[in-house]
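Letter by letter, the chains look like this.
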Amino acid sequence: GNGHIARARVMASALAKSIRVQAMNQQVIAGGQQGVWSRDGDRYINIGEVLPGNRLRMLQIYEINDDGELVRVMDAVKATPGTNGWLLESVRDTRFHDGRVTGEQHDQLQLERLVETDLFDVLKTEPKDMSASALYHFGDYLEQNELDAGRYRLEFWIKLFTPVTCLVMLLI
């Protein structure tokens, strides 16, 4: 329906912006249906969702050694930025060494570095750049997921009534 179209437009805009970020600083690789891919040194990070406050959900972190071999995979349900780096929650940590695989489960795991939070600013689609229809449907989507849709609703009404207001001003 129209909600899918609005989400597709938002995702297409985010993908275009993520490609621009890649060209600017070679950290974000791509964004789209499979989340956002980012690179931090020897780590490749797949982020399923970016929530308000740069909180991340459903992450996979792949570490590669100098020979290009996979040495570690971390799956985390959630990651939150803090003053000492990133706090990962519900982490499955798998390491590969000398043909052996070891795994650990952590309720919480602190990482000094993960993703530069300023990269997310580029991925965010501003409400003023969206059509009235996309604002309406994206606002519905946010509300259905119990997220704050206030900015999108306000911009929707501004886009809707600005032409009407100009028309009334011309008639006065």
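The coordinates are above.
Residues numbered from 1 in each chain as written. Predicted model: local features only at pLDDT ≥ 70, side-chain atom pairs only at ≥ 80, totals over all residues. Heavy atoms only, no water.

### Digging into the environment of Arg153
Inspection of the secondary structure assignment puts Arg153 in helix H4 (residues 150–171). For Arg153, a relative accessible area of 17% puts it in the buried group. Sequence spacing of Arg153 and Ala132 is 21 residues, and the spatial spacing of their C-alpha atoms is 9.5 Å. With sequence-adjacent residues up to four places away left out, Arg153 is seen in contact with Leu135, Tyr136, Gly139, Asp140 and Glu143. Engagement of the side chain of Arg153 in a polar contact is seen with the backbone oxygen of Tyr136, the distance being 3.1 Å. (Helix = DSSP H or I, 4+ residues; strand = E, 2+ residues; numbered from the N terminus. Buried < 20%, exposed > 50% of the residue type's maximum accessible area, 1.4 Å probe, protein only. Contact = heavy atoms within 4.5 Å. Polar contact = N/O pair within 3.5 Å; in protein donor to acceptor, adjacent residues only side chain to side chain.)

### Remarks on the side chain of Asp75
Note on placement: Asp75 falls in strand S5 (residues 70–82). Polar side-chain contacts of Asp75 include one of 2.8 Å to the side chain of Arg92. Apart from residues no more than four positions distant in its own chain, Asp75 is found in contact with Leu59, Gln60, Ser90, Val91 and Arg92.

### Focus on the side chain of Glu63
Along the polypeptide, Glu63 turns up in strand S4 (residues 55–64). Judged by its relative accessible area of 12%, Glu63 is buried. The contact partners of Glu63, leaving out residues within four places of it in the chain, are Asp42, Arg43, Glu69, Leu70, Val71, Arg72 and Met74.

### Quick look at a nonpolar patch on the surface
Side chains of Trp157, Leu160, Phe161, Val164, Val168, Met169 and Ile172 sit close together on the surface and give an oily, nonpolar patch of about 740 Å² of accessible area. Structurally, Val168 can be placed in helix H4. Residue class for Val168 comes out partly exposed when judged on its relative accessible area of 41%. (Patch = residues over 30% accessible without salt bridge, like charges linked within 9 Å, V, L, I, M, F, W, Y side chains within 5 Å. Areas by Shrake-Rupley, 256 points an atom, 1.4 Å probe, with all protein chains shown as cover. Salt bridge = Lys/Arg side-chain N within 4 Å of Asp/Glu carboxyl O.)

### Here we look at the pattern of salt bridges
Going through the model one piece at a time under the given rule, you end up with eight salt bridges. The residue Arg43 makes a salt bridge to Glu63 at a minimum N-O spacing of 2.9 Å. With a gap of 20 residues between them, Arg43 in strand S3 (residues 43–51) and Glu63 in strand S4 connect regions that are remote in the sequence. Look at Arg43 and you get buried, because its relative accessible area is 12%. One salt bridge in this structure joins Arg72 and Glu63, with 3.6 Å as the shortest N-O distance. Linked by salt bridges that have partners in common, Arg43, Glu63, Arg72, Asp93 and Arg95 make up one network.

### Some thoughts on unusual backbone geometry
Positive phi values are uncommon outside glycine, yet Ser90 reaches one of about 50 degrees. Relative to the elements of secondary structure, Ser90 occurs in strand S6 (residues 85–97). For Ser90, a relative accessible area of 39% puts it in the partly exposed group. One non-glycine residue with positive phi stands out, namely Asp98, at about 50 degrees. When you line up the elements, Asp98 lands in the loop between S6 and strand S7 (100–111). The class for Asp98 is exposed, based on a relative accessible area of 66%.

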